[in-house]
Structures are given as structure tokens and as C-alpha cells.
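# Understanding the architecture of this molecule
Next come the chains, spelled out residue by residue.
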Amino acid sequence: MNDKNIDQGPEENSNDYFRLNRRRAIQLAGLGVGSMAVPGLGSSSVRAADGECAEGPFERTYSGGSVNFGKIASHPQRSVKTEDTGAGSPVNGAEIEASRAHGHRGRHRHDQEDGHWHRHHGDEDELSISTEYDGVNAEGTTGGVPSDSQIAAGYGKVIHALNTQVAVFDKRSGHEELSVQLNDIFAPVIDEPEGGYVYGEPFVFDPRARYDRRENRFVVAATQYEPGITEDGEIITREEQEERAGGEPGEGGDDGEDGGEEDDEAETEAEAMERPPQGWWLVAVSRNANPNGKWNVYRIPPIDNEGLVDYPTLGLDRDAIYLAQNFFADEVSVTMVTLDKEALYHGRDVTGYHFTDLDNPNVDGDDFTVQPALQPFSGGQYGTFYLIDSIFPDPTASALTLWELTSPLENPKLECHTVPVEPFSYPPTARQPDSDKRIDTLGTRQMNLDYNDGSLWTAHTIAYDWTGDGEPVAAVKWYEVDTRSKEVVQSGVYGEAGTSYFIPTVQSDGDSTIITHNVSGPDTYPSMAVAGRTEEYTLNKLEDSIVVEEGKSRYDYGEGGEVMRWGDYNGISVDPRTGTYWTVSQYSPDIDIDPDAEERDPYHTRIAELSFDGRWHHGRGHGHHGWK
């Protein structure tokens, strides 16, 4: 394959000889490297204290419960009627075991020259895989599609969170020690609604997982949706609730125009509900560094709980845990809550401060999918916590919104700032071999946010036309944003002509940054890949990439759609002992099931530990220090 790096934004002056430590330069300049500013673009900020960035804060207190993973662990598959997770039968275990590949150590796509990857021996650092094994595959779940995989690495163990469950693996051997269902994890805090559960049990989905390296705790978040029921006894599914709210930004009618009869019908239908839809955040924290023991669990409702809590996001700093979400009620809005970390970790009643209707008034377009940072060694009550999102393109957008939150435990304040970036647009779906079915690349939403020594790292998928032939493909756009100047320090587009790169999830620690992502195209089955850079490498370019697991067949799970949902995000986590990176993602295995068959075409997942050669370092410090 002919992979490409393309410079974007403030990267015009980035010569190969440039080796100045960027963070030192930022400190000296006070505002960031001036020569890297986006030409003609400035930065503006609006305080939320006057109500323009968000409504709130609204204070609430919540009680929790506890579970012991060792006591609720189970491996049997359960047949549960749910919607959207698409319960179904995967192929048998023997076929899947036979298809597993071990120890292949990946295939490099090296650095680029004139847009094509080349590398001379010994020139630069290389990505390498030190440990890898399959995570939970489709046959190990109740049939949820997609997996929505997350990983959190601790001392000796990693957890793989995905739709329907959380599994604990021995970090080195890859042995799965136990598996617990999401429903069972949060059972102590979920109350059965009057009239019973629509699907026979709680519908819990979209897990997120983090490891708090400062406190040595695992944190898992998810959402619960209890569908509404009309007076005629009809169930309001997730998709229907999204449509009632007007869909994601950009999907509805013209702004400011009356929808006429359709709006009237929607309003009449809403009034005719016997039971309104409701949703909740769910959050669980381990009592210590051993995930096989006791966890504290909580359920957090939004302020006005009539709608769909969707696409939850999770972050944390020294003193608080932060949850955000897209809320589909009468319309779409973004909300968030801050939670006292000490209270959560000790199982006490926890105070939460809610902000609703997050919106940057300084830009045209909607804020959507706000990502809280992972910054366990900074922020908190006496610092600043960061969140970010990309403005929804209509048809293009040219800004990120950077959110700053202070005093999360007493009287939190939220500010929003506009970060100008190069224009981007919504990515097309991805092609795959031997099939007319496309793979969903999930739009331009940010996948996550990571903090490293004054810089914020984030990435999303955009449309990019590599050849100028008017046929763009999905590509990865990544950014480093300086928290002091609130400007992009560097960014780039990564991918290749004719092939789609999508769902990028980024982590940065010490002097290296890793992006895990997926690749699919007319000659490439849906695959798992990783790319990255070290701190002193040429600005605005990724230094090396490696295919962790090649796709081996087309992907079609047989439910009649033209676009196959592939995942909402991938997972990545820094090892607290070694500073290496643990990643997890989906790939399509060497199993091809007829879409009309009763069995489901399965996905597989792969867990891999990666680092740059010579860049292994102790990760127990503050996320800044290491040795080479």
C-alpha cells in the first residue's frame, strides 16, 4: 500500500532539520510557536458564566452500590432480545479458534517520500509489537454489533470492555480470567421501571474504559436506555428517538423553518406516549488495582430525563471523573456532569454538577460529541480540565471547540474557546473487497482526547481527496493543541488514495504518540492498524505505521443494510509500569458467512502492546517522564 502523510494547518514551516523541543519552545514563547499559527485565523473565547456556553451548573447527589467481579463472573452466552446490538448467532468456536493468527508481529508501512512510505535501515524509530492476542470475539458475546472496544491496562491485567460485557485478561499471557455482563455490573443501581423492562432486562451499551494511573483504579462507564412506549403499545427504539429529536446535527430540515405537518405529527406522537423514554450514565470504579475484586457502581440521570442518552464519553483528572453525552429528547443537545473522584473511589454518596446545552456561540454549526480528556496527574480542584469537540460540518466546518473546566468539586465553571483548523467535511463510507456493502466510518466526531505535558492530542475522520479526481475517501486527521495558546501546534492528514482510514483513537505519553485506527478499501478487508510519531520527528507527520491484524474476509452481518456498522471507537491505554501502549480494535477474520444464513458473519478483536524501538520507559510518573 502507498500510505501518505499530509501537512495541515499551521505546519507550513516544518523543515526536516527542525529538532527543537516543542514543549520547551512553547514555554519560552509563552503562547506557542508563533510561526506555526494558522494564517489569518485567530482564537476567541466565551465564558459560560453568562450562560452563553452552557446552562448550569446544577447540583445533584447520588448514592451507589457495589459488586464483586469474581462473584458475578460468567461465561455462558445468553439470548437476549435487544435492538441495535442485533442479537444473533456467530459461527462456532472451533472455526474461530482455527482462524486466529498469533505472533505475526505486524507489517510495517514506513515513512513517506513523495507521499509513499519508504525507510532506510536505522533512519528513525520503528513501531514494534511486543505482545498480542485476541480479545473477546463475536462468539464470546450475546451478538452485539459492533464491539465498541475499549482497553484499560493496569499492573498485570488489562480489561477489554465491549458491548454487553467486560473481560479481564492476564496482561502477558492473554489468558481470559473472567467475563462479566454489563447488566450484572450495574444491577445494584438499576431500578426496574413500572411495567417492566421493554427488552426483558436493562439495555446497557456503549462502554468506555480508563485506567487511573495516579490512583491505580479501573474506571468503566456505559449508558442505559429504557425505550418509551406509546399509548398504542409501540416501542420507541433508539433510532426512532433519534429521529424524533431531528437526528444528528445536519440530518434534519433547514434551520429556522417550520417542519409543518411532520412537526405536528411528531408532537402529537410525543404527547401520546404511555411511558417516555429515559436514559442514564452508568459508572463503575474498582476498589483497587485488581479488577477481579470489588467495584463501586453508580447510575447518573441527566437533569431532564426524557430522551436517549447516547454516545457516552469518559475522562478524569486529579480530583474528578467527567461524563458527557449526546442527548436526544425533543431536540439534540450535549450535556456533561462532574463527579467527585474520592467519593466514587470510596463508595460514598457523590455530588455531581451538571451542565446542559453545551454550545459554542462563536461558531456557525453545532457542537457534538464532546470528549473529556484523560489527564490523571493534572487539573482537578486547583487546575484546569479540558474537553474538546469538532463542530459538525454543514457541509464543511473549520473549528474545534476547546472547553476549560475549573473547580469541579465545589462551584465548577465552564468556558469554551474556538480553535481554528483547516476546513473539513463529512467522510464517505468505506469500500471493501468482494462486496457492495460499505463500512461505516462514523463521521467527523472526535474519538477521544488525551493530555500530555501541556498539549492535547485528538483525532477524527474526515473526507480527503488525495488525487484531486473528485472522489474523496475517509482519512485520519490528527491534532496537537497547546493548552496555553489554545492553538493547533501541529496536525496532519493520514491515509492513502482509494482506501479509507477511520475511527482514530489517540494516546500520547512521554515523547511518543500512538493512533490506533481501522483501514478498509477495494483491495483491503477491514483491518486493524496503528500509526504514531516520536516528539523530535518532523512536525506534522506520522513517523511509522504497522498493520496489527489484516482483515481476511468481507464483512456483512446479514441484516439487510447497505452500510455495515463497524464501531463507535477503538481503545488505547498507556501501561502504568512500562509506558508502552495497549490497543484493541476490530478486524474481519477469515470467516465469510452468507448474509442470508442464520449464523452471523463475525468480527474479531485484537489486543496488542506496542512501542517505538528504544522508547520503552517507566510510565508510573506524571505522564511526562521516561527514559530512553
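These numbers were taken from a predicted model, which means no experiment stands behind them.

## What about the overall build of the protein chain?
Of the regular secondary structure elements, the protein chain holds seven helices and 42 strands. When burial is assessed residue by residue, the protein chain has 61% of its 628 residues classed as buried. For the protein chain, restricting intrachain contacts to residue pairs at least 6 apart in sequence, the fraction spanning at least 24 positions comes to 67%. Split by element, the accessible area of the protein chain, about 23300 Å² in all, is 42% carbon and sulfur.

## Some words on the pattern of salt bridges
Enumeration according to the criterion identifies 18 salt bridges in this entry. A salt bridge links Arg 214 to Glu 215, with the nearest nitrogen and oxygen atoms 2.9 Å apart. Residue class for Arg 214 comes out partly exposed when judged on its relative accessible area of 31%. Judged by its relative accessible area of 32%, Glu 215 is partly exposed. The shortest N-O distance in the salt bridge between Lys 486 and Glu 404 comes to 3.3 Å. You can see Lys 486 sitting in the loop between strand E32 (473-482) and strand E33 (487-495) and its partner Glu 404 sitting in strand E27 (residues 396-406), a full 82 residues away along the chain. Across this residue pair, the class does not change: Lys 486 and Glu 404 are buried. Taken together, the shared-partner salt bridges connect Glu 132, Asp 134, Glu 549, Lys 552 and Arg 606 into one network.

## Looking at the packing of aromatic side chains
Within this structure, the stated rule accounts for 15 aromatic pairs. A centroid spacing of 6.2 Å and a plane angle of 15° characterise the contact between Trp 457 and Trp 478, whose relative ring orientation is stacked. Remark: Trp 478 occurs in strand E32 and Trp 457 occurs in strand E31 (residues 455-464); sequence separation between them is 21 residues. Trp 478 shares its class with Trp 457; the two are buried. Here the aromatic residues Tyr 199, Phe 203 and Phe 205 are joined through ring pairs into a cluster of three or more.

## Digging into the sheet that holds strand E16 (residues 228-230)
Spatially, the three strands line up as an open sheet ordered E17-E16-E18, and their pairing is antiparallel. One side of each edge strand has no neighbouring strand; the edge strands of this open sheet are strand E17 (235-236) and strand E18 (273-275).

## Quick notes on the sheet that holds strand E9 (residues 127-134)
The sheet built from four strands is open, its strands ordered E9-E42-E40-E39 with antiparallel pairing. With partners counted over all chains shown, the strands left at the sheet margins are E9 and strand E39 (571-574), one partner each. Going from strand to strand, the sheet's axes swing by 25° on average, the running direction of each strand aside. Of the strand pairs in this sheet, E9 and strand E42 (residues 604-612) are connected by seven bridges, and their pairing is antiparallel. Each residue of the ladder has a partner; that of Thr 131, found in E42, is Glu 609.

## What to know about the environment of Tyr 386
Along the polypeptide, Tyr 386 turns up in strand E26 (residues 385-390). According to the relative accessible area criterion, Tyr 386 is buried, its value standing at 9%. Beyond its immediate sequence surroundings of up to four residues, Tyr 386 is in contact with Gln 371, Pro 372, Ala 373, Gln 375, Leu 402, Trp 403, Glu 404, Leu 449, Tyr 451, Leu 456 and Thr 483.

## Digging into the pairing of E32
A large share of E32 lies buried, amounting to ten of its ten residues. The pairing of E31 with E32 spans ten bridges and is classified as antiparallel. Note that in E32 the partner of Ile 462 across the bridge is Ala 475. Where E32 lies against E33, seven bridges are found, and the strand directions are antiparallel.

## Re the state of the cysteines
Inspection of every chain in the model, using the stated rule, returns one disulfide. Put simply, Cys 53 and Cys 416 are joined by a disulfide, and their sulfur atoms are 1.9 Å apart. Of note, the bridge from Cys 53 to Cys 416 carries an S-S torsion of about -65° and is left-handed in sense. Of the two residues, Cys 53 sits in the loop between strand E2 (44-47) and strand E3 (55-62) while Cys 416 sits in strand E28 (residues 413-425), which places them 363 residues apart along the sequence. Of the two residues, Cys 53 and Cys 416, neither departs from the other in class, the shared state being buried.

## Thoughts on the side chain of Asp 389
With respect to the helices and strands, Asp 389 occurs in strand E26. For the buried Asp 389, which has no salt bridge, the nearest side chain bearing the opposite charge is Arg 445, at an N-O separation of 11 Å. Here Trp 403 takes part through its side chain, which lies 2.8 Å from a polar atom of the side chain of Asp 389. Ignoring any residue separated from it by four or fewer positions in sequence, one finds Asp 389 in contact with Asp 367, Phe 368, Thr 369, Val 370, Leu 400, Thr 401, Trp 403 and Gln 446.

## Some words on the environment of Leu 282
The residue Leu 282 is located in strand E19 (residues 278-286) in this model. Leave out the neighbours within four places in its chain, and Leu 282 touches Phe 186, Ile 190, Val 204, Val 220, Ala 221, Ala 222, Thr 223, Gln 224, Tyr 298 and Arg 299.

## Section: the environment of Glu 422
Looking at the secondary structure, you find Glu 422 in strand E28. Overall, the relative accessible area of 27% leaves Glu 422 in the partly exposed class.

## Quick notes on a negative patch on the surface
Judged by side-chain charge, Glu 55, Asp 304, Glu 306, Asp 330, Glu 331, Asp 357, Asp 359, Asp 366 and Asp 394 come together as a negatively charged surface patch. Relative to the assigned elements, Asp 394 resides in the loop between E26 and E27.

## Topic: the confidence of the model for the protein chain
Considering every residue of the protein chain, the mean pLDDT works out to 83; 78% of them sit at 70 or more. Low pLDDT, under 50, characterises residues 110-122; the predicted model gives this stretch 39 contacts beyond four residues in sequence or across chains. Considering only residues more than four positions removed or in separate chains, one finds that residues 252-270, a stretch of pLDDT under 50, has four contacts.

## Quick look at the side chain of Asn 452
Note on placement: Asn 452 falls in strand E30 (residues 449-452). A distance of 2.9 Å separates polar atoms of two side chains, one belonging to Asn 452 and the other to Ser 508.

## Quick notes on the nonpolar core
Ranked by size, the top nonpolar core spans 40 residues in total, and within it Met 336, Leu 358, Trp 403 and Leu 414 carry the most contacts. Broken down by element, the residue count for this core peaks at six residues, all from E27.

## Some thoughts on unusual backbone geometry
Pro 57 follows Gly 56 through a cis peptide bond whose omega is 5°. As for its position among the elements, Pro 57 is in strand E3. Here Asp 394 and Pro 395 are connected by a cis peptide whose omega angle stands at -5°. Mapped onto the elements of the fold, Pro 395 is located in the loop between E26 and E27.

Parameters and conventions
Residues numbered from 1 in each chain as written. Predicted model: local features only at pLDDT ≥ 70, side-chain atom pairs only at ≥ 80, totals over all residues. Heavy atoms only, no water. Helix = DSSP H or I, 4+ residues; strand = E, 2+ residues; numbered from the N terminus. Buried < 20%, exposed > 50% of the residue type's maximum accessible area, 1.4 Å probe, protein only. Contact = heavy atoms within 4.5 Å. Areas by Shrake-Rupley, 256 points an atom, 1.4 Å probe, with all protein chains shown as cover. Salt bridge = Lys/Arg side-chain N within 4 Å of Asp/Glu carboxyl O. Phe/Tyr/Trp six-rings, centres within 6.5 Å; stacked < 30°, edge-to-face > 60°. Pairing = 2+ DSSP bridges. Axes fitted to C-alpha atoms, helices over the stretch in contact; angles between N-to-C directions. Disulfide = S-S within 2.5 Å. Lys, Arg positive; Asp, Glu negative; His and termini not counted. Polar contact = N/O pair within 3.5 Å; in protein donor to acceptor, adjacent residues only side chain to side chain. Patch = residues over 30% accessible without salt bridge, like charges linked within 9 Å, V, L, I, M, F, W, Y side chains within 5 Å. Charge placed at Lys NZ, Arg CZ, Asp CG, Glu CD. pLDDT = per-residue confidence, 0-100. Core = buried A, V, L, I, M, F, W, Y, C linked by side-chain atoms within 4.5 Å.

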